[in-house]
Amino acid sequence: MSAPAPGRQRSLGASLLDQVLAETLDPAYAQAAAARAERAAAPGTGAARPSWLLRHRGQLLVALTLLLAGLLASVTYQEAAVGAQGREQTREALRDDIREESEVTDDLVAELEALTAEVGRTRDQALATTGTGQRALARLTAVEQAAAVLAVSGPGLRVTLDDAPPPADSDPVGGTTPQNAAGLVQDADVQLAVNGLWAAGAEAISINGQRIGATTAIRQAGGAVLVNFRPVAPPYDIEAIGDSEALPRAFLASPEADTLARLTLDYGVVFDFARVGDLDLPAGSSAELRHARPLDPALDPSTAARTDPTTDGG
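Residues numbered from 1 in each chain as written. Predicted model: local features only at pLDDT ≥ 70, side-chain atom pairs only at ≥ 80, totals over all residues. Heavy atoms only, no water.

**Q** Explain the sheet that holds strand β1 (residues 152-162) to me, please; I cannot follow it from the model alone.
**A** Paired through backbone hydrogen bonds, the strands of a sheet run either parallel or antiparallel to each other. The strand order β3-β2-β7-β1-β8 describes an open sheet built from five strands, whose pairing is antiparallel. If you trace the sheet from one side to the other, it starts and ends with β3 (210-211) and β8 (270-281), each paired once. Here β1 runs beside strand β7 (residues 236-241); their pairing, made up of six bridges, is antiparallel. Among the inter-strand pairings, G156 is bridged to a residue of β7, identified as I241. Each of β1 and β8 touches helix α8 (residues 255-267); the most contacted strand, β8, lies at about 130° to it. (Pairing = 2+ DSSP bridges. Helix = DSSP H or I, 4+ residues; strand = E, 2+ residues; numbered from the N terminus. Contact = heavy atoms within 4.5 Å. Axes fitted to C-alpha atoms, helices over the stretch in contact; angles between N-to-C directions.)

**Q** Quick question: what am I supposed to make of the packing of aromatic side chains here?
**A** Two aromatic rings, taken as a pair, are described by how far apart their centres are and by the angle between their planes. Under the definition given, this model contains two aromatic pairs. For the ring pair F251 and F271, a centre distance of 6.5 Å and an interplane angle of 70° mean the geometry is edge-to-face. Remark: F271 occurs in strand β8 and F251 occurs in helix α7 (residues 246-252); sequence separation between them is 20 residues. Residues F251 and F271 agree in their burial class; the two are buried. Ring centres 5.9 Å apart and planes at 50° place the aromatic pair F271 and F273 in the tilted group. On the accessibility criterion, F271 (13% relative accessible area) is buried. These aromatic residues form a ring-pair network of at least three members: F251, F271 and F273. (Phe/Tyr/Trp six-rings, centres within 6.5 Å; stacked < 30°, edge-to-face > 60°. Buried < 20%, exposed > 50% of the residue type's maximum accessible area, 1.4 Å probe, protein only.)

**Q** Could you clarify how one ought to interpret the confidence of the model for the chain in this entry?
**A** As a general rule, the predicted coordinates of low-pLDDT regions are not to be interpreted in detail. With 74% of its residues at a pLDDT of 70 or more, the chain shows a mean pLDDT of 78. Highest mean pLDDT in the chain belongs to β7 (96); lowest belongs to helix α9 (residues 301-307) (44). Confidence drops under a pLDDT of 50 for residues 301-314, and excluding neighbours within four residues, the segment shows four contacts in the predicted structure. (pLDDT = per-residue confidence, 0-100.)

**Q** How do you make sense of the sheet that holds strand β4 (residues 218-221) when you look at a structure like this?
**A** Spatially, β4-β5-β6 is the arrangement adopted by the three strands of the open sheet, whose pairing is antiparallel. The open sheet has two edge strands, β4 and β6 (230-232), and neither has a second partner. Taking each pair of neighbouring strands and ignoring which way they run, the sheet shows an average axis angle of 45°.

**Q** Please clarify how the packing of helix α6 (residues 187-199) against α8 should be interpreted in this entry.
**A** For any two helices packed against each other, the geometry is given by the interaxial angle and the distance between the axes. Two elements in contact, α6 and α8, have axes separated by 8 Å at closest approach and are oriented at 145°. α8 is crossed by α6, and the crossing has left-handed handedness. In this structure, α6 uses D189, L192, A193 and G196 to contact α8, whose residues at the interface are E256, T259, L260 and L263. Here the contact of α6 with α8 is built from residues that sort into four nonpolar, two polar and two charged. (Left-handed = near helix turned anticlockwise from the far one by under 90°. Nonpolar A, V, L, I, M, F, W, Y, C, P; charged D, E, K, R; others polar.)

**Q** In this structure, what is going on with α8? I would like to understand it.
**A** For an α-helix, 3.6 residues make a turn, and residues three or four places apart therefore share a direction. Compared with the 18 Å implied by 1.5 Å per residue over 13 residues, the 18 Å span of α8 between its first and last C-alpha is a close match. E256, A257, L260 and L263 are the residues of α8 that are buried. Buried residues of α8 fall within an arc of 110° about the axis and therefore sit on the same side. Counted as exposed and oriented over 90 degrees from the buried face of α8: P255, L265 and D266. Where α8 is buried, its residues touch β1, α6, α7 and β8. (Expected span 1.5 Å × (residues − 1). Arc of directions from axis to C-beta.)

This is the structure we're talking about:
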């Protein structure tokens, strides 16, 4: 478009057309855009908050996850602690009950032993009044000794069995080296020694103070050896009363002693023996009376005169 001649005014249409060509954007749009730019640049305004949340959304999710995990771990720990405390209280109560019942059992056993001894003394006194009773008492004493009901003493042999010692390079404080199961004394090993002593001529045997009788059981429950249903701990001292010369020779020559010696060579099981001049073996459990037979007065000459009707009473 050509410029107007000097001195002449432009027409209104030409002025509007020039303004449209010069200003392609509406002023209102420009003002709105400027206002948005100012709000975005100003700190702490509401317009800037969504963009900050978008930029830190991942960090917020991680923090929230860690917070939830911490709360869950805390609750789990508290529940576990409460459960452990309850279990410990239960175990302590059970231990108290076991101790109390053990004390009651010990008292009953002591009372039973005292009453049994009193009955035995009364029986012996009653049998000793007649000849028949004296012979019966002698037979009864021999049977009770064979049944391990009476305490005995005399010379004999002591055999000791023990678990294999730990290796030389083991840690005695930390205990990190596990015990070799093959080197542990088992119930069969104790049975082997007892059978060998019986076969060698032993008259009475005890294991760690537990007298061996005709009905004694030597068994294993878990890692414990039971004798007369009572646990005994290693070392196992097996004491046998018998001939101080013949018993050791016969036992050491037995196949049972040879098997125990091989256990020492192969697995390190401790197998020792020694002669003892005087051994004291306790009495075993009281014998259970299964059957009885009354004494025949006719067999006693001291009572025959009183029971024979042909005897002159004058």
